[in-house]
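# Structure assessment
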Amino acid sequence: MNWTWFHRLGSPPYIYKLAGTLTPWFAWAAALLIAYGLVGGIVLAPPDYQQKDAFRIIYVHAPSAWLSLMIYTTMAVSAAIGLIWRMKVSHALAAACAPIGAWFTVAALGTGMLWGKPMWGTYWVWDPRLTAELVLLFLYMGYMGLRAGIEDTQRADRASAVLAIVGVINVPIVKYSVEWWNSLHQSASVMKLGKPDIVLEMLIPLLVMFVGFTLLFFALALVRLRAEILRRERAASWLREALA
Amino acid sequence: MTAELRADNLHLWRGEQHVLRGVGFVVSAGQCLLVTGRNGAGKTSLIRTVAGLLQPEEGRVFWRGEPTGVDRSRFHSETYYLGHDAPLKGDLTGAENLRFGVGIRRRFLPDELRAALARTAASDFADRPVRTLSAGQRRRIALAGVLLTTATLWLLDEPTTNLDASGQELIKTLIEAHLAAGGIAIAAIHHPLELDARATTRLELA
Amino acid sequence: MTAELRADNLHLWRGEQHVLRGVGFVVSAGQCLLVTGRNGAGKTSLIRTVAGLLQPEEGRVFWRGEPTGVDRSRFHSETYYLGHDAPLKGDLTGAENLRFGVGIRRRFLPDELRAALARTAASDFADRPVRTLSAGQRRRIALAGVLLTTATLWLLDEPTTNLDASGQELIKTLIEAHLAAGGIAIAAIHHPLELDARATTRLELA
Amino acid sequence: MTGGQSVSPWHVARLTVERDLRLAFRRPAQLVQPILFFLIVTTLFPLALSPELSRLRDVAPGVLWVAALLSSLLALEFLFRDDAQDGTLEQFALSGQSLTWLLFAKTFSHWLLTGLPLAVVAPISAGALGVDFGSMPGVVASLAIGSFALSLIGAIGAGLTLGVQRGGVLLSLLTLPLAVPILIFGARATELAIKSEPYGAPLYLLAAFAVLGLTLAPLAAAAAVRIGLE
Amino acid sequence: MTGGQSVSPWHVARLTVERDLRLAFRRPAQLVQPILFFLIVTTLFPLALSPELSRLRDVAPGVLWVAALLSSLLALEFLFRDDAQDGTLEQFALSGQSLTWLLFAKTFSHWLLTGLPLAVVAPISAGALGVDFGSMPGVVASLAIGSFALSLIGAIGAGLTLGVQRGGVLLSLLTLPLAVPILIFGARATELAIKSEPYGAPLYLLAAFAVLGLTLAPLAAAAAVRIGLE
Ligand code: HEM
Ligand SMILES: Nc1ncnc2c1ncn2[C@@H]1O[C@H](COP(=O)(O)OP(=O)(O)OP(=O)(O)O)[C@@H](O)[C@H]1O
Ligand SMILES: Nc1ncnc2c1ncn2[C@@H]1O[C@H](COP(=O)(O)OP(=O)(O)OP(=O)(O)O)[C@@H](O)[C@H]1O
Ligand SMILES: [Mg+2]
Ligand SMILES: [Mg+2]
């Protein structure tokens, strides 16, 4: 089997350039999709017969929540790759993901709380899903805290990788908490096997928002990844050549 | 293959610093490598790299012809590393420290323990909690541990630190006996150690 | 009264051991007392007793003719003690360590700080966190602290530990300059320090 | 040269546990500290809250479990700390023995010294909070199993924070999210036991966590410790 | 020889506080840890207890105060520990400056770094426990003053446990009994604040404790540290 592609992925200069090329594409696509999704969701979709307009928070809430989980998984997988194959770029990617994931988690929590007030009459309840999402935020913070606590980049990489991998256990807990425990929170209506039970006019903008958020994540992650690579490789010769 | 330690083109960065720049050497059974160099030259870093506690960016260390990373536990079971600080528990006595510390590596009889302590002139205080020992007394306990382990490869970082004149002499005798029995030693030193020149290689780090 | 340190008939027990048995000496301005003795003889204990960190069972220490316990803070403001381990914060740089560590004793200009660091050949790494320094580099930072404090009485426990050959020489030069300026030094040593014989007294602990 | 008999894994584990127990018994004051801490925290609540027993009994599971968790966390900090400082951990890593196994032995003796005693004295606190005598077996069992799982999970965090100065609080931060399921099921088991309802289900879940921890945590801890030694 | 200008007590204190702040800011992760710990502990309770807000509000003062106390205690362990280990404390004692004053400066910066931030973030936890927004000033004030008193009292314990390995739990044991009055009055002030009743009386008592601590604790701590150095 030909492994050159894999080794190329491990090379900082290659990734640095690749990321630079891809970022604008992702950024523009994200902007367009999110704009369309917002218009579609907030203006065009009909109000919910039960929730009236409050349900429109879903267009930010659900994609943020999905991404908070997806980003954690991405982070853990790339940390694992870094740990196993000693790939520096992979660690850099994991480090780049963490703050973005944390912000999406904050967004999911924040919009969820805003939504909770009209729906459940309170901003916060100690419900399994909500709690697990909060734990996810703590995990992100623990990850960043551990990184910040260890000066040496390589040691920080590997130590935090172990944590990211161990913490991945929480992802299925968030995902399936609604089914395992009876929860106040909505159970999966879109992200599930079989047909989604939500009307099409509501669904399409939601999916568009989801794809838009994902691309936004890609764009942000690549920008941060480039910064990470710059920081790590500041002594390397290829960088001096690239910048000269 | 007979005992032989080889390092090839080791490159190590510590933070911003390129500490080891292509260091290489071969030491075979009955030989001692004395590592010298000014403060900060990289002696400790080299010894820790050989022990496997630091990962070099480039280059490898071979033990009996095989990279040390391949069968790490076999390599480690033949190696003993003694760093700047002796790995002793203040609340245990010297003898207890050795019983547990060396005990996880090999079984030995109480007599062997006593003999090792006697050789480093540590018998008198081996039954006092290490916490109450002077700096040099601690080193002597740790040295008894080196003997008791019967490892083939000794990695010693400034072994004479804190030792009095008789202690300096002791280090010399111990290393000589170890080499005579076919062992290998790598020692970082600042003060000259008058070992038999034929058995000694010097490595000056810059 | 001019600078003079006198110890009278010091007796100190550590645990079960009668470590100092009637030790006494006088050192006056421009003089150095070299304390030698085998491991565990009581060198560290003696120095810590003089500094006031250990209380002798019997005997007293006099500074400028007065018992040191009487005006402890005046005695301490004229004394600097450097023990087996250098009192440095790993997270601060060498320069910061001195700025805060010595800063609570006296005010000094940044130039003085730079000069002290230069004299111990520590300028190159004075701006790196101490955590990332080698054993000898740390000692050099600590020695710059000794200079910067401008104390009259230096209490040094094995000052040459971890230092390379140039460092051994440095210690000698620093102590000589200190004595020439009318200072007093007490140093516990294992390796001979070739100081001017006229300015040196030896105390062999048994 | 490398002579002498080789050592069996059991011998290695026995020596490691024996060493830790001996160290602990050298300072008996230390032995009772986690217990006393637990007892004090559980008595603080009635002080800060209200002394009505009925209300206390309602919060008893929560109080007992939070106190147990905190007491574990406090003690966890020392699981590897001393050994890291004096170089013992380095010697473990260079001993040629399995680091995973050595760390597991250490974690086990840590539980023997901190978790188990806590479960044993829990009836005192529980009694003071108004729990009936008949409910005690459930309380003790859930705390014993739960604290074992906590020790195992904590070992990962303790390994990870080795290189970090003042890792204590960071350790708590890393361990708590992972410990939440244990807290929830443990408190649930205790609550059911106090209400004299069957508490088998959450207890089995707790045991499942412990088994999961048993297989994974020492591996992760060993990886973490290796990194920490660099 | 002993030349140079002599230093004023203010300069000494400023340097000491500056050093501690700088050390803390060198590791920003450490700075937020006590806060996070506090937030996490206060969120643990609802998990172990029950998620009903009305019931939570009842226990809120107790939970907040116990969490604050524990977070203080955890942090206290490091008040002198690092300085003792690396010999800084020894140099303090031998500096010719007043050890009492130096230790007071250290205690003050410790409060700045751990107690004060905790009081500042308390409204978040209080909110999660169902406390109304209007009650927050009382909650914050009582925690700020209380944590200062706790730091002072803790300094004595921290000094006394210097010589003791793994002093952490012993430290808690020594400090807790002295901290109980603070806990009681603090929780009382917070409770009154939550119920929107006047909470001045317990708050003054808390302040009185802080002043008492201010005058006595550094003296006792200095004596304790001197003994610990032997
Ligand atoms: C702070 C409070 C909240 C948190 C932490 C939270 C968390 C989450 C999470 C983690 C997901 C993603 C689940 C998955 O991927 O399967 C999600 C999805 C969702 N949430 Fe929330 N939520 C909160 C409040 C609310 C409220 C108040 C509502 C409305 C009543 C709501 C409705 C939804 C819906 C409809 C979805 C999409 C479900 C799907 O199709 O998978 N959430 N939320
Ligand atoms: N804390 C203590 N408790 C009891 N005994 C002690 C303590 N510290 C040292 N001793 C004993 O006191 C004696 C003198 O110790 P000291 O450290 O002064 O020796 P030293 O001359 O400095 O030795 P070295 O050359 O090894 O540094 C030794 O026998 C030692 O074992
Ligand atoms: N943890 C670290 N992070 C960054 N740099 C380090 C670290 N440890 C050591 N260094 C640097 O690496 C270089 C080599 O250090 P090392 O400890 O190997 O020197 P050494 O030859 O043992 O010196 P000494 O004689 O003083 O013990 C030094 O310049 C040191 O400052
Ligand atoms: Mg070295
Ligand atoms: Mg000594």
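The preceding data block contains the structure.
Everything numeric in this text was worked out from a predicted model, so none of it was measured.

We now examine the overall build of chain B. Secondary structure summary: chain B contains 6 helices and 9 strands in total. In terms of C-alpha radius of gyration, chain B reaches 17 Å, essentially the compact-globule figure of 17 Å for 206 residues. Viewed in the frame of its principal axes, chain B has a C-alpha envelope of about 45 × 35 × 35 Å. Contacts spanning at least 24 positions in sequence make up 70% of the contacts within chain B whose residues lie at least 6 apart.

Broken down by element type, chain D carries 9 helices and 0 strands. For chain D, whose C-alpha radius of gyration is 19 Å, the value lies close to the compact-globule estimate of 17 Å for 230 residues. Each of the 230 residues in chain D was classed as buried or not, and the buried ones make up 67%. Here the contacts in chain D between residues at least 6 apart in sequence split such that 80% fall between residues at least 24 apart. Total accessible area on chain D stands at roughly 7700 Å², and carbon and sulfur atoms take up 68% of it. Positive and negative charge centroids in chain D, built from 13 and 13 side chains respectively, lie 3 Å apart.

Let us look at the site of ligand 3. Taken together, 21 residues are adjacent to ligand 3, and Thr44 and Ser45 of chain B together with Arg128, Ser134 and Gly136 of chain C come closest. More than one chain reaches ligand 3: the nearby residues come from chains B and C. Between ligand 3 and the protein, one listed contact pairs an oxygen atom with a backbone N or O atom of Gly40 of chain B at 2.9 Å. One of the side-chain nitrogen or oxygen atoms of Ser45 of chain B is found 2.5 Å away from an oxygen atom of ligand 3. Surface burial for ligand 3 is 90%, taken as the share of its 640 Å² of free accessible area covered by protein chains. Elements with a minimum of two residues in the shell around ligand 3: β2 (17-28) and α1 (43-51) of chain B together with α5 (135-149) of chain C. Here the residues of the shell around ligand 3 sort into 4 nonpolar, 13 polar and 4 charged.

Let us now look at the interface of chain D and chain B. At the junction of the two partners, chain D supplies 34 residues and chain B supplies 36 residues. Both faces considered, chain D and chain B share a buried interface measuring about 3100 Å² in area, 53% of it formed by carbon and sulfur atoms. Applying the counting criterion to the chain D and chain B interface returns 6 salt bridges. Across the pair Glu90 of chain D and Arg48 of chain B runs a salt bridge whose closest N-O atoms are separated by 3.1 Å. Connecting chain D to chain B are 13 residue pairs in polar contact (both at pLDDT 80 or more). The set of elements that each furnish at least two residues to the side of chain D that touches chain B consists of α1 (9-26), α4 (78-85), α5 (88-93) and α9 (200-229) of chain D. Here the side of chain D that touches chain B is built from residues that sort into 10 nonpolar, 13 polar and 11 charged.

With that settled, the discussion passes to the interface of chain E and chain A. If you look at the interface, chain E gives 11 residues, while chain A gives 10 residues. Between chain E and chain A, roughly 960 Å² of surface is buried when both sides are summed, and carbon and sulfur atoms account for 75% of that area. Counting every contact that joins chain E to chain A gives 0 salt bridges. Joining chain E to chain A, the criterion identifies 0 residue pairs in polar contact (both at pLDDT 80 or more). Breaking the side of chain E that touches chain A down by element, the ones donating at least two residues are α2 (28-48) and α3 (53-76) of chain E. In terms of residue count, the dominant contributor to the side of chain E that touches chain A is α2 of chain E (6 residues).

Formed by 276 residues in total, the largest nonpolar core has its most connected members in Phe25 and Leu46 of chain B together with Phe25 and Leu46 of chain C. If we skip the residues at most four places from it in the chain, Leu46 of chain B touches Leu10, Leu20, Val23, Phe25, Val35, Leu203 and Leu205 of chain B.

A few words now on the coordination of the magnesium ion (ligand 5). The protein atoms donating to the magnesium ion (ligand 5) are Thr44 of chain C (OG1) and His84 of chain C (NE2), with metal-donor distances spanning 1.9 to 2.5 Å. One end of the pair, Thr44 of chain C, is in helix α1 (residues 43-51); the other, His84 of chain C, is in the loop between β6 (79-82) and α3 (94-101), and 40 residues separate them in sequence.

Take the sheet that holds β6 of chain C next. All names here are of chain C. Strand order in the open sheet formed by 5 strands is β6-β7-β8-β3-β9, and the pairing between neighbours is parallel. Looking at strand neighbours, the two that pair on one side only are β6 and β9 (200-204), the edges of this open sheet. In this sheet, adjacent strand axes meet at a mean angle of 15° when their direction is disregarded. Sheet strands in contact with α5 are β6 and β7 (153-157), and its direction is about 170° off that of β6.

Residue and element names in this part refer to chain D. For helix α7 (residues 136-160), built from 25 residues, the straight-helix expectation of 36 Å at 1.5 Å per residue is met to within 8% by its first-to-last C-alpha distance of 36 Å. At Gly154, α7 shows its largest bend, some 25°. Among the 25 residues in α7, 21 count as buried, and that is most of the element.

All names here are of chain C. Taking 1.5 Å of rise per residue, 16 residues should cover 22 Å, and helix α6 (residues 165-180) covers 23 Å from first to last C-alpha, within 8% of that figure. Restricting attention to buried positions, one finds in α6 the residues Gly167, Gln168, Leu170, Ile171, Lys172, Leu174, Ile175, His178 and Leu179. Next to the buried residues of α6 lie β3 (32-36), α4 (110-119), α5, β7 and β8 (184-188). Downstream of α6 by one or two residues, Gly182 has phi in the positive range, about 90°.

Bound to the magnesium ion (ligand 4) on the protein side are Thr44 of chain B (OG1) and His84 of chain B (NE2), at distances that span 1.9 to 2.5 Å. Overall, the relative accessible area of 25% leaves His84 of chain B in the partly exposed class.

Two side chains that carry opposite charge are able to pair once their charged atoms sit near each other. What the rule picks out here adds up to 49 salt bridges over all chains. For Arg99 of chain B, the salt bridge identified is with Glu18 of chain D, shortest N-O distance 2.6 Å. Here Arg99 of chain B is found in helix α3 (residues 94-101), whereas its partner Glu18 of chain D is found in helix α1 on a different chain. When its relative accessible area of 29% is taken as the criterion, Arg99 of chain B is described as partly exposed. With a closest N to O distance of 3.6 Å, Glu78 of chain C and Arg74 of chain C form a salt bridge. Owing to a relative accessible area of 7%, Glu78 of chain C belongs among the buried residues under this scheme. The exposure class of Arg74 of chain C is partly exposed, given its relative accessible area of 37%.

Next up on the list: the packing of helix α3 (residues 58-85) of chain A against helix α6 (residues 153-167) of chain A. All names here are of chain A. It is at 8 Å that the axes of α3 and α6 come closest, and there the two elements cross at 130°. Taken together, the axis directions place α3 and α6 in an arrangement best described as oblique. Read as a crossing pair, α3 and α6 show a hand that is left-handed. Counted together, Tyr72, Met75, Ala76, Ala79, Ala80 and Leu83 of α3 and Arg158, Ala161, Val162, Leu163, Ala164, Ile165 and Gly167 of α6 form the full contact between these two elements. Across the contact of α3 with α6, the residue classes break down as 11 nonpolar, 1 polar and 1 charged.

Considering all chains together, one arrives at 19 aromatic pairs over all chains under this definition. When the centroid spacing of 5.5 Å and the interplanar angle of 80° are considered together, the rings of Trp10 of chain E and Trp101 of chain E count as edge-to-face. Pair noted here: Trp10 of chain E is in helix α1 (residues 9-26) and Trp101 of chain E is in helix α6 (residues 99-128), with a separation of 91 residues, a long-range link. Of the residues examined, Trp10 of chain E reaches a relative accessible area of 65% and is grouped as exposed. Taken together, Phe26, Phe217 and Phe218 of chain A form an aromatic cluster joined through their ring pairs. A cation over a ring is seen here: Arg226 of chain A above Tyr16 of chain A, with NZ or CZ 4.3 Å from the ring centre.

A few words now on the site of ligand 2. Neighbouring ligand 2 are 21 residues, the closest being Arg128, Ser134 and Gly136 of chain B together with Thr44 and Ser45 of chain C. Around ligand 2, the neighbouring residues derive from chains B and C rather than from a single chain. Backbone polar atom of Thr132 of chain B to a nitrogen atom of ligand 2: 2.9 Å apart, as the coordinates give it. Here a nitrogen atom of ligand 2 sits 3.3 Å away from a polar atom, N or O, in the side chain of Arg14 of chain C. Considered on its own, ligand 2 offers 640 Å² of accessible surface; in the complex 90% of this is hidden by protein. Contributions of two or more residues to the shell around ligand 2 are made by α5 (135-149) of chain B together with β2 (17-28) and α1 of chain C. Looking at the shell around ligand 2 residue by residue, the classes come out as 4 nonpolar, 13 polar and 4 charged.

What follows covers the pairing of strand β1 (residues 4-14) of chain B. Residues and elements named next belong to chain B. Here β1 runs beside β2; their pairing, made up of 9 bridges, is antiparallel. Paired with Leu5 across the strands is Val27, a residue of β2. The antiparallel hairpin formed by β1 and β2 contains 2 residues in its connecting segment, where Gly15 sits at a positive phi of about 60°.

Cut-offs used in this document
Residues numbered from 1 in each chain as written. Chains lettered and ligands numbered in written order. Predicted model: local features only at pLDDT ≥ 70, side-chain atom pairs only at ≥ 80, totals over all residues. Heavy atoms only, no water. Helix = DSSP H or I, 4+ residues; strand = E, 2+ residues; numbered from the N terminus. Rg over C-alpha atoms; globule rule 2.2 N^0.38 Å. Contact = heavy atoms within 4.5 Å. Buried < 20%, exposed > 50% of the residue type's maximum accessible area, 1.4 Å probe, protein only. Areas by Shrake-Rupley, 256 points an atom, 1.4 Å probe, with all protein chains shown as cover. Lys, Arg positive; Asp, Glu negative; His and termini not counted. Charge placed at Lys NZ, Arg CZ, Asp CG, Glu CD. Near = heavy atom within 4 Å. Polar contact = N/O pair within 3.5 Å; in protein donor to acceptor, adjacent residues only side chain to side chain. Nonpolar A, V, L, I, M, F, W, Y, C, P; charged D, E, K, R; others polar. Buried area = accessible area lost by both parts, 1.4 Å probe. Salt bridge = Lys/Arg side-chain N within 4 Å of Asp/Glu carboxyl O. Core = buried A, V, L, I, M, F, W, Y, C linked by side-chain atoms within 4.5 Å. Donors = N, O, S within 2.8 Å, 3.2 Å for Na, K, Ca; no water. Pairing = 2+ DSSP bridges. Axes fitted to C-alpha atoms, helices over the stretch in contact; angles between N-to-C directions. Expected span 1.5 Å × (residues − 1). Bend = angle between axes of the 7 residues up to and from the residue. Parallel < 35°, antiparallel > 145°, perpendicular 65-115°, else oblique. Left-handed = near helix turned anticlockwise from the far one by under 90°. Phe/Tyr/Trp six-rings, centres within 6.5 Å; stacked < 30°, edge-to-face > 60°. Lys NZ or Arg CZ within 6 Å of the ring centre and 35° of its normal.

Remember that the coordinates give geometry; whether it matters functionally is a separate question.
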